[in-house]
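Examining the three-dimensional arrangement
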Amino acid sequence: MLKFSALPPLALYIHLPWCIKKCPYCDFNSHEIRQNAVGHGLPDATQQAYVDALLKDLENTLPLIWGRAIHSIFMGGGTPSLFSGQAIDRLLAGIRARVRLNAGAEITLEANPGAVEAKRFEAYARAGVNRISLGVQSFSDEKLKALGRIHGRREAIEAAQIAHEIVGNFNIDLMYALPGQTVAQASADITQALALQPTHLSAYQLTLEPNTLFHRYPPQLPNDDLALDIEQVVHETLLKAGFIQYEVSAFSKGEQYYCRHNLNYWQFGDYLGIGAGAHGKITLHDSVIRQVRFKQPTSYLQAVAKNAVQEEHKVVAEQLPFEFMLNTLRLNQGFDLRLFTERTSLPLTSLLLKLERAEQRGLIERDHRWVRPTALGRRFLNDLQQIFL
Ligand SMILES: C[S@@+](CC[C@H](N)C(=O)[O-])C[C@H]1O[C@@H](n2cnc3c(N)ncnc32)[C@H](O)[C@@H]1O
Ligand code: SF4
């Protein structure tokens with residue numbers, strides 16, 4: 001049996017599952033708003049019902065997190081910016097009334113440049129949102145069209161300007177190695193992003209995920225060599241501009257702008273996930289449990305009156321070291337060895353042989369306190385993680 005002497009920090013993830021249009025590369029739990037919906041946005045009644053459901057979901061889960069404070073909230077999607085300022089305000093006020101939220105907690109809302117209005121952002125900020133994450137993907141109209149996005153270069157720039165003015169602390173998501181992309185085009189995307197003064201930038205290589213339209217009808221993507229060249233220029237441009245790479249895809253203008261919510265995942269912290277399809281990981285005094293909620297918004301809305309959790313299981317102790325390494329090895333700084341025992345309650349001895357193997361292969365470097373992936377380890381992260389399976 002596991003025995004934890006301290007519980008990890010707790011974050012709250014809230015899934016808002018609707019989008020105006022499903023992107024052909026996207027395998028997130030996102031659902032197109034029905035064609036017959038009123039106007040362009042998400043009907044008010046749906047927003048209200050969903051906020052009620054989220055608060056009920058949180059209430060149902062309170063016994064699992066009794067007495068614990070929340071240090072960050074992330075509203076992800078889907079397209080959370082389809083929700084009105086009033087709906088987000090009611091949601092955040094409802095959360096504060098039910099759980100203790102740390103003073104200065106990071107509260108992020110994901111927004112799609114195709115669904116951004118200045119007035120709405122002002123209302124989000126008044127509601128307590130202090131960080132915006134913008135799904136820009138590219139600043140090229142041609143690439144955005146190829147990606148099936150509903151926004152163009154102009155909307156992306158305007159959205160970033162609004163985020164900069166109103167919230168200040170904002171992230172831009174970009175994807176690279178896009179269909180037909182050249183090194184110069186990828187470089188132009190990064191340069192344009194930097195000109196908009198984000199505090200954080202996430203750069204993801206486009207992947208063809210199973211169960212997406214792109215997987216069934218693959219576009220012409222750059223070959224491996226070109227993709228590597230593109231990645232290099234993306235990373236170099238960001239580093240030259242003074243950004244710190246602290247995780248495989250995450251770059252920040254300074255330590256104070258690290259995404260605390262995501263950092264908590266990568267440090268194998270706890271998170272409660274509410275909303276359709278949301279995942280959670282909660283440490284109890286003698287076990288770690290994982291939860292998944294009903295994925296379809298309609299099933300979720302129906303189930304929540306009793307229990308929105310579709311699946312819950314205890315993580316077996318033997319699985320914990322791998323899960324810990326899967327996350328922490330994504331961080332450039334690696335991890336403090338004491339964190340392993342703190343987060344898994346297992347002795348370090350269970351890890352030592354594998355650490356030795358990884359070190360011999362040049363994938364990690366370590367001393368008596370720290371383990372960090374080398375440049376080679378970061379490049380072959382999958383191989384490195386597999387050692388701990
Ligand atoms: C939860 S998603 C969506 C955020 C928001 N709905 C949007 O698309 O504007 C977060 C980010 O993951 C990245 N992403 C999604 N699908 C991807 C894929 N197949 N390959 C690489 N990155 C992907 C995109 O950069 C996206 O902004
Ligand atoms: S807007 Fe974002 S979440 Fe929605 S379908 Fe596109 S990539 Fe997926």
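So, here is what we can say about the structure in this document.

What counts and how
Residues numbered from 1 in each chain as written. Chains lettered and ligands numbered in written order. Predicted model: local features only at pLDDT ≥ 70, side-chain atom pairs only at ≥ 80, totals over all residues. Heavy atoms only, no water. Helix = DSSP H or I, 4+ residues; strand = E, 2+ residues; numbered from the N terminus. Rg over C-alpha atoms; globule rule 2.2 N^0.38 Å. Buried < 20%, exposed > 50% of the residue type's maximum accessible area, 1.4 Å probe, protein only. Contact = heavy atoms within 4.5 Å. Areas by Shrake-Rupley, 256 points an atom, 1.4 Å probe, with all protein chains shown as cover. Lys, Arg positive; Asp, Glu negative; His and termini not counted. Charge placed at Lys NZ, Arg CZ, Asp CG, Glu CD. Expected span 1.5 Å × (residues − 1). Near = heavy atom within 4 Å. Polar contact = N/O pair within 3.5 Å; in protein donor to acceptor, adjacent residues only side chain to side chain. Nonpolar A, V, L, I, M, F, W, Y, C, P; charged D, E, K, R; others polar. Salt bridge = Lys/Arg side-chain N within 4 Å of Asp/Glu carboxyl O. Pairing = 2+ DSSP bridges.

1. Remarks on the overall build of the protein
- Counting secondary structure elements, the protein contains 15 helices and 17 strands.
- Taking 389 residues into account, the globule formula puts the C-alpha radius of gyration at 21 Å, and the protein, at 21 Å, falls close to it.
- Counting all 389 residues of the protein, 55% fall into the buried class.
- In the protein, the share of contacts with a sequence separation of at least 24, taken over all contacts with a separation of at least 6, comes to 71%.
- Surface accessibility of the protein: about 17800 Å² in total, with carbon and sulfur atoms responsible for 52%.
- Put simply, the protein has 40 plus and 39 minus side-chain charges, and the middle of one group is 4 Å from the middle of the other.

2. Focus: helix α8 (residues 224-240)
- With 17 residues, α8 should reach 24 Å at 1.5 Å per residue; the first-to-last C-alpha distance of 24 Å fits that figure.
- For α8, every residue scored as buried is listed here: Ala227, Ile230, Val233, Val234, His235, Thr237 and Leu238.
- Buried positions along α8 lie against β7 (170-176), α6 (183-195), β8 (200-205), β9 (244-245) and β10 (250-252).
- Just past α8, the residue Gly242 takes up positive phi, approximately 95 degrees.

3. Focus on the site of ligand 1
- Not every one of the 16 residues close to ligand 1 is listed here, only the nearest: Gly78, Gln137, Arg149, Asp173 and Thr207.
- Take Tyr25: an N or O atom from its main chain is 3.1 Å from a nitrogen atom of ligand 1.
- Between an oxygen atom of ligand 1 and a side-chain N or O atom of Asp173, the distance comes to 2.7 Å.
- In isolation ligand 1 has 560 Å² of accessible area, and contact with the protein removes 90% of it.
- Tallied by class, the residues present in the shell around ligand 1 amount to five nonpolar, seven polar and four charged.

4. Here we look at the pattern of salt bridges
- Applying the stated criterion across every chain yields a total of 14 salt bridges.
- Note that Asp336 is salt-bridged to Arg338, the shortest N-O span being 2.8 Å.
- Note that Arg343 and Glu342 form a salt bridge whose closest N and O atoms lie 3.8 Å from each other.
- Assessed through its relative accessible area of 6%, Arg343 is described here as buried.

5. Here we look at the sheet that holds strand β15 (residues 335-336)
- Across the sheet, three strands lie side by side as β15-β17-β16; this open sheet has antiparallel pairing. Edge positions in the open sheet fall to β15 and β16 (364-366), since each of these has one partner strand only.
- By the bridge criterion, three bridges tie β16 to strand β17 (residues 370-373) in an arrangement that is antiparallel. Directly across from Arg366, in β17, lies its bridge partner Val371.

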